[in-house]
Amino acid sequence: PPQLTGDFGTLMEWVDRFRKLKVRTNADTPNDSRVAREFGAEGIGLCRTEHMFFEADRIAAVREMILAEDVEGRKKALAKILPMQKGDFVGIFREMKGLPVTIRLLDPPLHEFLPHEDKDIDALAKTMGVTPQSLRAKVDYLHEFNPMLGHRGCRLGLTFPEIYDMQVQAIMEAACELTKNEGFSIVPEIMIPLVGVVTELARLRENTVRVCEEVVAAYGVKVEYLIGTMIELPRAALTADEIAREAEFFSFGTNDLTQTTFGLSRDDAGKFLPFYVETGLLEDDPFVSLDQNGVGLLVKMAVEKGRATRPGIKLGICGEHGGDPSSVIFCHQIGLDYVSCSPFRVPIARLAAAHAALEEGK
Ligand code: PEP
Ligand code: MG
């Protein structure tokens, strides 16, 4: 495992004396969490849960859940996933030893979960006791032309509330168990993705609180939790004062916010963006270095609006920009509390945060 020793370790000690921004990591496995902690991460700013659903031993149950006929069918499939999901969070909480952990509820493009091959559809139809034809029809119905602008993020959590309920139950059971049996002190930060309208967050917050309180009561331990949201759509940034009524924290998802502000697909931009940068139409790739004139303005506006409604609101960034030096400096300047980046970029983010603080003091 990486260790920050020798001159590198000394440099990191120095930078930590100056920086004001906290540096967290994006991690969704115990191993990544450990690596990041060894690089100095002060928590997890984004634990994505999508990959967990693709694990070989649960993708069949996930498909069954999405394609179930009714709520009962979905709940039956989710009951199979719950113990595994709880294990995911126990592993991550243990590695982070009480540091803050923000877990984002499921945000997949739905089509990635759907079975397409005949053999997968046949097998699933057998498990579910339906005909392959009816299952194929359901898969076709769920097909989307623009999945990244479609049935993802909190939209999925609203139309299939059982999924988020299961995840919240798993998060809180993991936290309660570690608190009760291993003396941990964990305050899970539960994050709702892709909110555009405050009513989405209000409804999901209500569900989340209900499940959290049920679990806490069942365990008979005192475990607190925070509920917050990603700000990754222009509408969310523009209405951040309303959204802050329902959120104890914001995390800026600048990957999606760049995509939606520019109207530029993050998955296809590579085809012509290099031309733009080479010929000077754009100074930098906005997916790498935060576009301070456009996307940055939305972030800055949301910071001000969020703090106006809720002065103590916690503010961070968890898009790829959280590990890019010039973007980290911008995050310091607009007063975020933390940046979150992939484990191997944590030292760079710590250094950039110190540069920003020193620059300011000049
Ligand atoms: C983002 O959109 O910036 C983000 C962090 O979420 P994801 O990359 O998972 O969409
Ligand atoms: Mg996103």
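Residues numbered from 1 in each chain as written. Chains lettered and ligands numbered in written order. Predicted model: local features only at pLDDT ≥ 70, side-chain atom pairs only at ≥ 80, totals over all residues. Heavy atoms only, no water.

**As for the coordination of the magnesium ion (ligand 2)**
Note the cut-off: Because water is not among the atoms used, a metal site may look incomplete, as its donors are only the N, O and S atoms within 2.8 Å, or 3.2 Å for Na, K and Ca. By the criteria applied, helices consist of DSSP H or I runs no shorter than four residues and strands consist of E runs no shorter than two, each listed in order from the N terminus. Here's how the labels work: a residue is buried when its accessible area is under 20% of the maximum for its type, exposed when over 50%, partly exposed in between, all with a 1.4 Å probe on protein chains only.
The protein atoms donating to the magnesium ion (ligand 2) are Glu232 (OE) and Asp256 (OD), with metal-donor distances spanning 2.1 Å. Here Asp256 lies in helix α13 (residues 254-262) and Glu232 lies in the loop between β5 (226-231) and α11 (234-238), a separation of 24 residues in the sequence. Of the two residues, Glu232 and Asp256, neither departs from the other in class, the shared state being buried.

**Notes on the site of ligand 1**
What counts here: Here a residue is near a molecule or strand as soon as one of its heavy atoms is found within 4 Å of it. Under this definition, polar contacts are N or O atom pairs within 3.5 Å; protein pairs additionally need one hydrogen-donor-capable and one acceptor-capable atom, and for neighbouring residues in sequence, both atoms have to be side-chain atoms. Note on areas: these come from Shrake-Rupley sampling with a 1.4 Å probe, and a residue is covered only by the protein chains present in the view.
Of all residues adjacent to ligand 1, which total 13 residues, the nearest are Arg48, Gly253, Asn255, Asp256 and Arg266. Between Arg48 and ligand 1, the recorded distance is 2.7 Å, taken from a side-chain N or O atom to an oxygen atom. Within the contact set of ligand 1, an oxygen atom lies 3.0 Å away from a backbone nitrogen or oxygen of Thr254. Protein chains bury 95% of the 290 Å² of accessible surface belonging to ligand 1 in isolation. Take the shell around ligand 1: its biggest share by element is 3 residues, from α13.

**Observations regarding the packing of helix α5 (residues 71-96) against helix α9 (residues 161-182)**
Put simply, the test is: Interaxial angles span 0 to 180 degrees and are taken between N-to-C directions of axes, which are lines fitted to C-alpha atoms, for helices over the stretch in contact. Rotating anticlockwise by less than a right angle from the far helix to the near helix defines a left-handed crossing, while the corresponding clockwise rotation defines a right-handed one. Residues are grouped as follows: Ala, Val, Leu, Ile, Met, Phe, Trp, Tyr, Cys and Pro are nonpolar; Asp, Glu, Lys and Arg are charged; all remaining types, including Gly, are polar.
Contact geometry of α5 with α9 gives a least axis separation of 8 Å together with a crossing angle of 40°. In the packing of α5 onto α9, the handedness of the crossing is right-handed. The class makeup of the residues in the contact of α5 with α9 is 14 nonpolar, 3 polar and 8 charged.

**Comments concerning α5**
Applied cut-off: How far a helix is expected to stretch is found by multiplying one less than its residue total by 1.5 Å. For a residue, the bend is simply the angle between two axes, fitted respectively to the seven-residue segment ending there and the seven-residue segment starting there.
Given a rise of 1.5 Å per residue, 26 residues ought to cover 38 Å, and the 35 Å separating the end C-alpha atoms of α5 matches this to within 8%. At Ile81, α5 shows its maximal kink, close to 35°; a proline, Pro83, follows between one and four residues later. With its phi angle positive at about 45°, Lys97 sits one or two positions after the end of α5.

**Quick look at the packing of aromatic side chains**
Our working rule: Two rings from Phe, Tyr or Trp (for Trp, the six-membered ring) form a pair when their centres sit within 6.5 Å of each other. Planes less than 30 degrees apart are called stacked, planes more than 60 degrees apart edge-to-face, and all others tilted. Whether a charge sits over a ring comes down to the Lys NZ or Arg CZ being within 6 Å of the ring centre and within 35 degrees of the ring normal.
Applying the stated criterion across every chain yields a total of 6 aromatic pairs. Taking the centre distance of 6.1 Å and the plane angle of 40° together, the rings of Phe53 and Phe113 count as tilted. Of this pair, Phe53 sits in helix α3 (residues 50-54) while Phe113 is found in the loop between β3 (101-104) and α6 (118-128), placing the two residues 60 residues apart along the sequence. For Phe113, a relative accessible area of 1% translates into the label buried. Feature note: the residues Phe53, Phe54 and Phe113 constitute an aromatic cluster, connected by ring pairs. Residue placement shows Arg24 over the ring face of Tyr338; its charged tip is 4.1 Å from the ring centre.

**So, the pairing of strand β8 (residues 338-341)**
What counts is decided by this rule: Any two strands are treated as partners once DSSP identifies two or more bridges connecting them.
A two-sided burial pattern is seen for β8, the buried positions comprising Tyr338 and Ser340 on one face and Val339 and Cys341 on the other. As defined by bridge partners, strand β1 (residues 22-26) adjoins β8 across 4 bridges and the pair is classed as parallel. Its bridge partner being in β8, Arg24 is matched across the sheet by Ser340.

**Examining the confidence of the model for the chain**
Condition: How sure the predictor is of each residue is captured by pLDDT, a score from 0 to 100.
Confidence in the prediction for the chain averages 95 pLDDT; 99% of positions are at 70 or higher. For this predicted complex, the interface confidence reaches an ipTM of 0.99, while the overall pTM sits at 0.96.

**Points about the UniProt feature "binding site: substrate" (unreviewed entry) in the chain**
Convention followed: UniProt positions are given in the numbering used here, feature names are shortened, and annotations may be inferred rather than shown by experiment. Contacts: residue pairs with any heavy atoms within 4.5 Å of one another.
When the UniProt feature table is mapped onto this chain numbering, "binding site: substrate" (unreviewed entry) sits at Arg48, Arg104, Glu232, Gly253, Thr254, Asn255 and Asp256. Checked against the element boundaries, Gly253 lands in the loop between β6 (249-252) and α13. In contact with Gly253, other than residues within four places in its own chain, are Met230, Ile231, Glu232 and Gly319. Here Thr254 is to be found in helix α13. Residue class for Thr254 comes out buried when judged on its relative accessible area of 1%. If we ignore the near neighbours within four places in the chain, the residues touching Thr254 are Leu290, Val299, Ile317, Gly319, Glu320 and His321.

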